[in-house]
Amino acid sequence: MHPFFVFVAAGLATLTVWGFISPRGQWRVLAAWTRRQPYANEPGAGLVALQRCVAGAGIVAMVIVGSSMYGDYLAGQPKAPPTPGAVERMWGEPAPEVVDRVFDARSAAPPGLVPQPMLKYQVMDGESRTPAYLFTLERYRVEGGNDGVGYLGHAPNPGFAALDSADLVVEVRGDKKCIPQQLVVIEDEDTVRIGVYYGQPNPSDGSNAAHLGECSRKPTASRSASVLIPVNLEKPLGKRTVVSVDGSKKIRAVPLIS
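Residues numbered from 1 in each chain as written. Predicted model: local features only at pLDDT ≥ 70, side-chain atom pairs only at ≥ 80, totals over all residues. Heavy atoms only, no water.

Asks: It is not clear to me how the overall build of the protein chain should be interpreted in this structure. Could you clarify?
Replies: What the protein chain contains, in helices and strands, is 4 helices and 9 strands. Ordered by position from the N terminus, the helices and strands of the protein chain form the series α-α-α-α-β-β-β-β-β-β-β-β-β. Here the protein chain, with 258 residues, has 36% of them falling under the buried criterion. Pairs at least 24 apart in sequence give 78% of the contacts found in the protein chain among residues at least 6 apart. Carbon together with sulfur atoms contributes 59% to the accessible area of the protein chain, which is approximately 15600 Å² in total. (Helix = DSSP H or I, 4+ residues; strand = E, 2+ residues; numbered from the N terminus. Buried < 20%, exposed > 50% of the residue type's maximum accessible area, 1.4 Å probe, protein only. Contact = heavy atoms within 4.5 Å. Areas by Shrake-Rupley, 256 points an atom, 1.4 Å probe, with all protein chains shown as cover.)

Asks: Explanation requested: the pairing of strand S5 (residues 179-187) in the structure shown.
Replies: Within a regular beta strand, the side chains point alternately toward one face of the sheet and then the other, so they alternate between its two faces. As paired strands, S5 and strand S6 (residues 191-199) are joined by 8 bridges and run antiparallel to one another. Within S6, the position partnered with glutamine 182 by the bridge is tyrosine 197. (Pairing = 2+ DSSP bridges.)

Asks: Honestly, the layout of surface pockets in this entry has me stumped. Any pointers?
Replies: To find the voids left in a structure, one rolls a probe of water-molecule size over its atoms. Counted as a void, the largest pocket has a volume near 270 Å³. Forming the boundary of the largest pocket are 15 residues, of which Pro115, Gln116, Pro117, Met118 and Ser244 lie nearest the centre. A total of 4 residues in the lining of the largest pocket trace back to one element, the largest contributor, which is S6. Looking at the lining of the largest pocket residue by residue, the classes come out as 8 nonpolar, 4 polar and 3 charged. (1 Å grid on protein atoms, 1.4 Å probe; cavity = no way out; pocket = protein on both sides within 12 Å on 5 of 7 lines; lining within 4 Å. Points joined across faces, edges and corners; volume = space filled by probe spheres on them. Nonpolar A, V, L, I, M, F, W, Y, C, P; charged D, E, K, R; others polar.)

Asks: For this particular structure, what's the right way to read the pattern of salt bridges?
Replies: Pairs may arise between side chains of opposite charge once their charged atoms sit close together. Counted according to the given criterion, the structure contains 5 salt bridges. A salt bridge links glutamate 171 to lysine 120; the shortest N-O distance between them is 3.6 Å. Of this pair, glutamate 171 sits in strand S4 (residues 168-175) while lysine 120 sits in strand S3 (residues 118-123), placing them 51 residues apart in sequence. A relative accessible area of 1% means that glutamate 171 is categorised as buried. Of the residues examined, lysine 120 reaches a relative accessible area of 11% and is grouped as buried. Arginine 240 is the partner of glutamate 187 in a salt bridge, and the nearest nitrogen-oxygen pair spans 3.0 Å. Linking glutamate 187 in strand S5 with arginine 240 in the loop between strand S7 (224-231) and strand S8 (241-244), this pair joins segments that are 53 residues apart in sequence. (Salt bridge = Lys/Arg side-chain N within 4 Å of Asp/Glu carboxyl O.)

Asks: What is the right way to read a nonpolar patch on the surface from this model?
Replies: Taken together, the side chains of Val8, Leu12, Leu15, Val29 and Leu30 define a hydrophobic patch exposed on the protein surface, amounting to about 410 Å² of accessible area. Those elements that provide at least two residues to the nonpolar patch are helix H1 (3-21) and helix H2 (23-30). Here the nonpolar patch gets 3 residues from one element, more than from any other, and that element is H1. Tracing the chain through its elements places leucine 12 in helix H1. (Patch = residues over 30% accessible without salt bridge, like charges linked within 9 Å, V, L, I, M, F, W, Y side chains within 5 Å.)

Asks: Would you mind going over unusual backbone geometry with me for this structure?
Replies: With omega at -10 degrees, the peptide bond leading from glutamate 93 into proline 94 counts as cis. Locating proline 94 in the fold gives a position in the loop between helix H4 (86-91) and strand S1 (97-98). Residue threonine 130 is joined to proline 131 through a cis peptide bond whose omega torsion reads -5 degrees. In this fold, proline 131 is placed in the loop between S3 and S4.

Shown next, in the form of structure tokens:
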């Protein structure tokens, strides 16, 4: 609000409150000087009471209008961003979805499919279901997501989740128009090399039986989705390092935040 209007509103509010508290005193200051005999012309009790009622109504109106204006002012202020939860602090926003599929990892990159960027990983123990929050995350969904579309691995046994047998989860930033189809895991005493490969689904007409497609190798944020893929190892990760399948990039571990 412009400072001039604030000044005028403050002045009117002062006069109104003054008129309610001391209507005679207000008259003596503001109007008595216009009378030759001020005390002889001082307003009677009835007029004083009327002035006090009018001033009281004005105060009530000012409170209502002022409260409404202040509420509008607060509503117009920029909102502080919500404090991110534990999942968002670990993985970023939006929270990733879990690929609920079990698979047998390959030891070589499959032909025709496209590797996708791996961002982070977190160690887990599927048998004890820790960390427990992983089992509460949303599941990654594929339209018509069954074995026929070339979806990664196979569905877990009834009553179980793919996380139940996993040793770690890997976060992948995948092209939205494609789906995860194959995973490569190569283990030795010092490292675990992992690669995740995407391809386009096979439509119902069977026109893409090989599941190949033009998936971006580095999709932008708006054209990609973050997913967690459960990974089964031959033995617990221990002190081994997780790297990309060609060994050129070290994958960062995500510490557990409660």
